[in-house]
Amino acid sequence: MDKLKVSGLTYGYDARTVVENIDIEVGEGEFVGIVGPNGSGKSTILKCIYGGMTPKTGEVYIDGTNIREIKPKKRATMLAAVGQENTIPFNFTVREIVSMGRTPHKRLFEPDNERDRAIVDEAMDKLGISALAERSYMNLSGGEKQRVIIARAFAQETELLVMDEPTNHLDINYQLQIFETLKASGLTVLAAIHDLNLAAMFCDRIYVLSGKQVYASGKTDDVLNRELIREVFHVKGAVERHPLTGKNNIIFIPNIQ
């Protein structure tokens, strides 16, 4: 059984269709990426999966159960989401925000216990933000804020992570650290990824969006080829196997040289 299944998902507003008839399957423990040009609907699909938007048609299943039948608090113990925009309206410390990931597992007003605190400490350590624990979230850089939000998702202790550009605002060191942490976690991950080389390095499979639909899908090495890059992203590229990583590496070729 798939950990996550999206069937026939269509979303739009007014007379405009954003994505149409999207099918996605993510097996347990897989790291699956969604790639595509800006405006191709990556964020829209993820929001429909984690409940930020309601699709016009189609269904989303977690562990075989339609999410419409899962109460929000229960769903939050099954799926953690990291969006592109994460506005925190009040001035919390980093530790307080990461601790919010424990909320779905607790009764109303139930205080954190020793296990909760240990999980929060571990999540902050994984994301390299332990030294920021007592800092105000509002005073952090964009990259630091993103790592806090990802740490909160880890503290939520779900088996499924849905992430929209999870390394947005981060420098290459932290991009690699976070993807390596996600890959090593054994969790099921569905992530919209802007950087095709990061997708090629870490994703087991990918879905490529174009023209409101899934243009191609399959094993990453099979899908990300020179022809697809030209047809979908409208750029020239060479795809070569990197001798150090054993993964495909995409070299983009400018029109003006």
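Residues numbered from 1 in each chain as written. Predicted model: local features only at pLDDT ≥ 70, side-chain atom pairs only at ≥ 80, totals over all residues. Heavy atoms only, no water.

**As for helix 4 (residues 114-126)**
Line of reasoning, step 1. Counted at 1.5 Å a residue, the expected span for helix 4 with its 13 residues is 18 Å, and the 18 Å between its end C-alpha atoms agrees.
Line of reasoning, step 2. Listed as buried for helix 4 are Asp116, Ile119, Val120, Ala123 and Met124. Projection of helix 4 onto a plane perpendicular to its axis shows the buried side chains occupying an angular sector of 135°, all on one side. Exposed and oriented more than 90 degrees from the buried face of helix 4 are Glu114 and Asp125.
Line of reasoning, step 3. Where helix 4 is buried, its residues contact helix 3 (94-99) and helix 5 (142-155).
Line of reasoning, step 4. N-cap assignment for helix 4: the residue whose side-chain oxygen lies 3.0 Å from the backbone N of Arg115 is Asn113. (Helix = DSSP H or I, 4+ residues; strand = E, 2+ residues; numbered from the N terminus. Expected span 1.5 Å × (residues − 1). Buried < 20%, exposed > 50% of the residue type's maximum accessible area, 1.4 Å probe, protein only. Arc of directions from axis to C-beta. Contact = heavy atoms within 4.5 Å. Polar contact = N/O pair within 3.5 Å; in protein donor to acceptor, adjacent residues only side chain to side chain.)

**Overview of the sheet that holds strand 2 (residues 16-26)**
Line of reasoning, step 1. Strand order in this open sheet of four strands is 2-1-4-5, and the pairing throughout is antiparallel. Since the sheet does not close on itself, it has two edges, and those belong to strand 2 and strand 5 (65-66), each with one partner.
Line of reasoning, step 2. Note that strand 1 (residues 4-13) and strand 2 share seven bridges and pair antiparallel. Bridging across to strand 2, Tyr11 finds its partner in Val19. (Pairing = 2+ DSSP bridges.)

**Things to note about the pattern of salt bridges**
Line of reasoning, step 1. Across all of its chains, the model carries 15 salt bridges by this definition.
Line of reasoning, step 2. A salt bridge links Glu134 to Arg95, with the nearest nitrogen and oxygen atoms 3.1 Å apart. Here Arg95 lies in helix 3 and Glu134 lies in the loop between helix 4 and helix 5, a separation of 39 residues in the sequence.
Line of reasoning, step 3. Taking relative accessible area as the criterion, Arg95 reaches 28% and is therefore assigned partly exposed.
Line of reasoning, step 4. A salt bridge links Asp221 to Arg241; the shortest N-O distance between them is 2.8 Å. Here Arg241 lies in strand 11 (residues 236-241) and Asp221 lies in helix 8 (residues 220-223), a separation of 20 residues in the sequence.
Line of reasoning, step 5. Among the ionic contacts, a cluster of salt bridges with common partners joins Arg102, Lys106, Glu110, Arg115, Asp116 and Glu157. (Salt bridge = Lys/Arg side-chain N within 4 Å of Asp/Glu carboxyl O.)

**Observations concerning the packing of aromatic side chains**
Line of reasoning, step 1. Under the definition given, this model contains two aromatic pairs.
Line of reasoning, step 2. Ring centres of Phe31 and Phe179 lie 5.9 Å apart, and the angle between their planes is 40°; this geometry places the pair in the tilted category. Highlighted residues: Phe31 in strand 3 (residues 31-35) and Phe179 in helix 6 (residues 172-185), separated in sequence by 148 residues. Assigned by exposure class, Phe31 and Phe179 land together as buried.
Line of reasoning, step 3. The interplanar angle of 20° and the centroid separation of 5.3 Å between the aromatic rings of Phe179 and Phe202 together place this pair among those described as stacked. Remark: Phe202 occurs in helix 7 (residues 196-202) and Phe179 occurs in helix 6; sequence separation between them is 23 residues. There is no split in this pair, since Phe179 and Phe202 are both buried.
Line of reasoning, step 4. Through pairs of rings, three or more aromatic residues link up here, namely Phe31, Phe179 and Phe202. (Phe/Tyr/Trp six-rings, centres within 6.5 Å; stacked < 30°, edge-to-face > 60°.)

**With respect to the environment of Gly29**
Line of reasoning, step 1. Here Gly29 shows up in the loop between strand 2 and strand 3.
Line of reasoning, step 2. Given the relative accessible area of 36%, Gly29 is considered partly exposed.
Line of reasoning, step 3. Sequence-distant contacts of Gly29, defined by excluding residues within four places in its chain, comprise Gly186, Leu187, Thr188 and Asp204.

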